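# Examining the three-dimensional arrangement
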Amino acid sequence: MRHEHRGRGFGRPGGWQQADLPDPADAPDWFAGRLPSDWFAGPPVIEIDRDEIVVIGELPAPVPEKEDTPAEEVPAATKEGAVARFRETTRPARMQIANEAQRRYGRSVAWGVSVDGERIMFTHLAVPVMTRLRQPERKVLDTLVDSGVARSRADALAWTVKLAGKHAEAWLEELRTAMRKVDDLRSEGPQGL
């Protein structure tokens, strides 16, 4: 007996294949051509997922106000001022570029800068993720909350995901590469399956 599927096949539409989103493969090149060359000290870092494109550029190192201060000891207030200046003076252009990129890639654009190794994000998405956790997983989250590591279960979950990602980055990159290969094979195969 053959069953007909209504509307879609396996998994959710778009799933990890992102079939319903424009391909962002050329986004770093597009941003390299679109961003003003004087904004950052070098090419920006472009991070892409299915919801968002994050653009993080290194600001030129601020010069200390006092002549006797070594360049590597720039006061925190000077760095904060440099970030605030960049954020305010580039806001209209960043908004225009973000709108163009959103139309082109179907994703929101978030902006941030890096100053002296410290990353400061201006805007970025916090996407809600629905999940069901059993008691052992909830106990882990509650321990993080009760100990003051996190303010809430949501913060605790974000913290654990960040920690897992940090320690598993090589494995996750290998998995992403394998998924891209599956997508390539799927696109080369017979259509209509």
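Here's what I pulled together on the structure shown here. (Residues numbered from 1 in each chain as written. Predicted model: local features only at pLDDT ≥ 70, side-chain atom pairs only at ≥ 80, totals over all residues. Heavy atoms only, no water.)

Two numbers describe how helix H1 (residues 27-34) lies on helix H2 (residues 76-105): the axes approach to 12 Å, and their chain directions differ by 150 degrees. By the angle class used here, H1 and H2 are roughly antiparallel. H1 and H2 meet at a crossing whose hand is right-handed. Side by side, H1 and H2 meet where Ala-27, Trp-30, Phe-31 and Arg-34 of the first sit next to Gln-96, Ile-97, Glu-100, Ala-101, Arg-104 and Tyr-105 of the second. Within the contact of H1 with H2, the residues separate by chemical class into six nonpolar, one polar and three charged. (Axes fitted to C-alpha atoms, helices over the stretch in contact; angles between N-to-C directions. Helix = DSSP H or I, 4+ residues; strand = E, 2+ residues; numbered from the N terminus. Parallel < 35°, antiparallel > 145°, perpendicular 65-115°, else oblique. Left-handed = near helix turned anticlockwise from the far one by under 90°. Contact = heavy atoms within 4.5 Å. Nonpolar A, V, L, I, M, F, W, Y, C, P; charged D, E, K, R; others polar.)

Here the focus is H2. Counted at 1.5 Å a residue, the expected span for H2 with its 30 residues is 44 Å, but the 36 Å between its end C-alpha atoms falls short. At Arg-91, H2 shows its largest kink, close to 60 degrees, and the proline Pro-92 lies no more than four residues downstream. Burial in H2 covers these residues: Lys-79, Ala-82, Val-83, Phe-86, Thr-90, Arg-94, Ile-97, Ala-98, Ala-101 and Tyr-105. (Expected span 1.5 Å × (residues − 1). Bend = angle between axes of the 7 residues up to and from the residue. Buried < 20%, exposed > 50% of the residue type's maximum accessible area, 1.4 Å probe, protein only.)

Function-wise, these values are silent; they only describe arrangement.
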